[in-house]
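Overview (structure and organization)
What follows is each chain in one-letter form.
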Amino acid sequence: MATYTHGHHSSVLRSHSSRDISNSAEYLRPHLTPSTRLLDVGAGPGSITVDFAGLVARVTATEIDENALGLSRGLAESRGVANIDFSVEDVHALSFADDSFDVVHAHQVLQHVGDPVQALREMRRVTVPGGVVAARDADYAGFHWFPMLPELDRWLDLYRRAAQANGGEPDAGRRLLSWARAAGFVDVTATASTWCYANPEDRAWWGGMWADRILESALTRQLLDSGMATDAELRGISEAWHRWADDGDGWFLVPHGEIIARA
């Protein structure tokens, strides 16, 4: 098992809670119908999960432990969404029977697991023949930004080193197609999409969020405890995120790989 790099600090959740179908799973929308039974692996705070629930018959949300699962459970309850089930699961060994779901979805999950190919095998096993396994993951090595601040170069290097030390693969987006083929899928469509932060409001949100995350999240503790970075260095990176956000020419691109794989 890999260790989840981000953790669940409020600075992380305000990023993850902004995700929905339109900005994070649009590639999957054509495959959803009112009769679809959908498994959402690694539901996180549940914002995408609850969005799915408005389009399909039933959703099952999973997370690695009860604390993490409580985030999506709480959101569903607060919105009065009743067609979601919840289950603590390890994606490497799902408890569900074969052919249980029409669609199995994982957003920003495979980059954090110890064996993404085995995870995809399990996702395939619980999908009905002809059903869809869908995955979308960022590709950190493909991040681009302007202005070219050296502190942000250091931020990216530190994040990638921490994720790899945790047993994850931060450059998962480019690997999804190869992982799916290794898992036994033959019919795979690979695409890509991006998040782009370039207007003042988006820059303030993205830059401010990372300025906080580098100082307050689980990543912070790992970097300090491992000796990868010093407190002064992390504070310098946080300040650079604010400088980037305040720059009228600031621009940041986050590329994602996506796959639709037929079971």
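Quantities reported herein were computed from a predicted structural model and do not represent experimental measurements.

1. Observations regarding the environment of Ile237
Looking at where Ile237 falls in the secondary structure, it is placed in helix α10 (residues 231–246). What makes Ile237 buried here is its relative accessible area of 1%. Considering only alpha carbons, one finds Ile237 and Trp210, 27 residues apart in sequence, at a separation of 9.2 Å. Ignoring anything within four residues of it in the chain, the contact list for Ile237 reads Glu151, Arg154, Trp155, Leu158 and Ile214.

2. A closer look at unusual backbone geometry
The step from Phe146 to Pro147 runs through a cis peptide bond, and the omega angle for that step is -5°. Within the secondary structure, Pro147 sits in the loop between β6 (144–146) and α6 (150–165). Positive phi, close to 55°, is recorded for Gln108, a residue that is not glycine. Locating Gln108 in the fold gives a position in the loop between β4 (101–107) and α5 (116–125). Overall, the relative accessible area of 10% leaves Gln108 in the buried class.

3. Considerations on the pairing of strand β8 (residues 251–262)
Counting buried residues in β8 gives ten out of twelve residues, a clear majority hidden from the surface. For strand β5 (residues 127–138) and β8, the ladder comprises seven bridges, and the chain directions are antiparallel. When the sheet's bridge partners are listed, Ala134 is paired in β8 with Ile260. Of the pairings in the sheet, the one linking strand β7 (residues 188–197) to β8 comprises ten bridges and is antiparallel in character.

4. Details of the nonpolar core
Ranked by size, the top nonpolar core spans 31 residues in total, and within it Phe143, Trp155, Trp206, Leu223, Trp241, Trp244 and Phe252 carry the most contacts. Counting only elements with at least two residues in this core, the list comes to α6, β7, α8 (200–216), α9 (218–226), α10 and β8. It is α6 that provides the largest number of residues to this core, a total of seven residues. Beyond its immediate sequence surroundings of up to four residues, Leu223 is in contact with Leu158, Ala162, Ile214, Met228, Ala229 and Leu234. Counting residues in each nonpolar core, the second largest holds 27 residues, with Leu39, Val126, Phe185 and Val188 among its members.

5. Concerning the side chain of Glu258
Tracing the chain through its elements places Glu258 in strand β8. A distance of 2.4 Å separates the side chain of Glu258 from the side chain of Ser193, its partner in a polar contact. Sequence-distant contacts of Glu258, defined by excluding residues within four places in its chain, comprise Tyr27, Ala135, Arg136, Leu176, Thr189, Ala190, Thr191, Ala192 and Ser193.

6. Some remarks on the packing of aromatic side chains
Scanning the entire structure with this criterion turns up 20 aromatic pairs. Residues Phe96 and Phe101 carry aromatic rings whose centres are separated by 5.2 Å and whose planes lie at 90° to one another, so their mutual orientation is edge-to-face. As far as the burial class goes, Phe96 and Phe101 line up, both buried. Centroid distance Trp206 to Phe252: 5.6 Å. Interplanar angle 55°. Geometry classified as tilted. Of this pair, Trp206 sits in helix α8 while Phe252 is found in strand β8, placing the two residues 46 residues apart along the sequence. A relative accessible area of 4% places Trp206 in the buried class. Residue classification places Phe252 among the buried residues on the basis of a relative accessible area of 0%. What links up through ring pairs into an aromatic cluster is the set Tyr140, Phe143, Trp145, Trp155, Tyr159, Tyr197, Trp205, Trp206, Trp210, Trp241, Trp244 and Phe252. Between the NZ or CZ atom of Arg124 and the centre of the ring of Phe185, over which it lies, the distance is 5.4 Å. Residue placement shows Arg213 over the ring face of Trp210; its charged tip is 3.9 Å from the ring centre.

7. A short note on a nonpolar patch on the surface
Residues Phe146, Met148 and Trp251 make up a contiguous nonpolar surface patch of roughly 330 Å² in combined accessible area. Relative to the helices and strands, Phe146 is located in strand β6. The exposure class of Phe146 is partly exposed, given its relative accessible area of 45%.

8. Quick look at the side chain of Thr5
Looking at the element boundaries, Thr5 is found in the segment before α1 (10–16). Residue Thr5 is classed as buried on the basis of its relative accessible area, which comes to 2%. Of the polar contacts made by the side chain of Thr5, one reaches the side chain of Asn166; its length is 3.0 Å. Residues within four places of Thr5 in sequence aside, it is in contact with His112, Tyr159, Ala162, Ala163, Asn166, Ala218, Leu219 and Gln222.

Definitions and cut-offs
Residues numbered from 1 in each chain as written. Predicted model: local features only at pLDDT ≥ 70, side-chain atom pairs only at ≥ 80, totals over all residues. Heavy atoms only, no water. Helix = DSSP H or I, 4+ residues; strand = E, 2+ residues; numbered from the N terminus. Buried < 20%, exposed > 50% of the residue type's maximum accessible area, 1.4 Å probe, protein only. Contact = heavy atoms within 4.5 Å. Pairing = 2+ DSSP bridges. Core = buried A, V, L, I, M, F, W, Y, C linked by side-chain atoms within 4.5 Å. Polar contact = N/O pair within 3.5 Å; in protein donor to acceptor, adjacent residues only side chain to side chain. Phe/Tyr/Trp six-rings, centres within 6.5 Å; stacked < 30°, edge-to-face > 60°. Lys NZ or Arg CZ within 6 Å of the ring centre and 35° of its normal. Patch = residues over 30% accessible without salt bridge, like charges linked within 9 Å, V, L, I, M, F, W, Y side chains within 5 Å. Areas by Shrake-Rupley, 256 points an atom, 1.4 Å probe, with all protein chains shown as cover. Salt bridge = Lys/Arg side-chain N within 4 Å of Asp/Glu carboxyl O.

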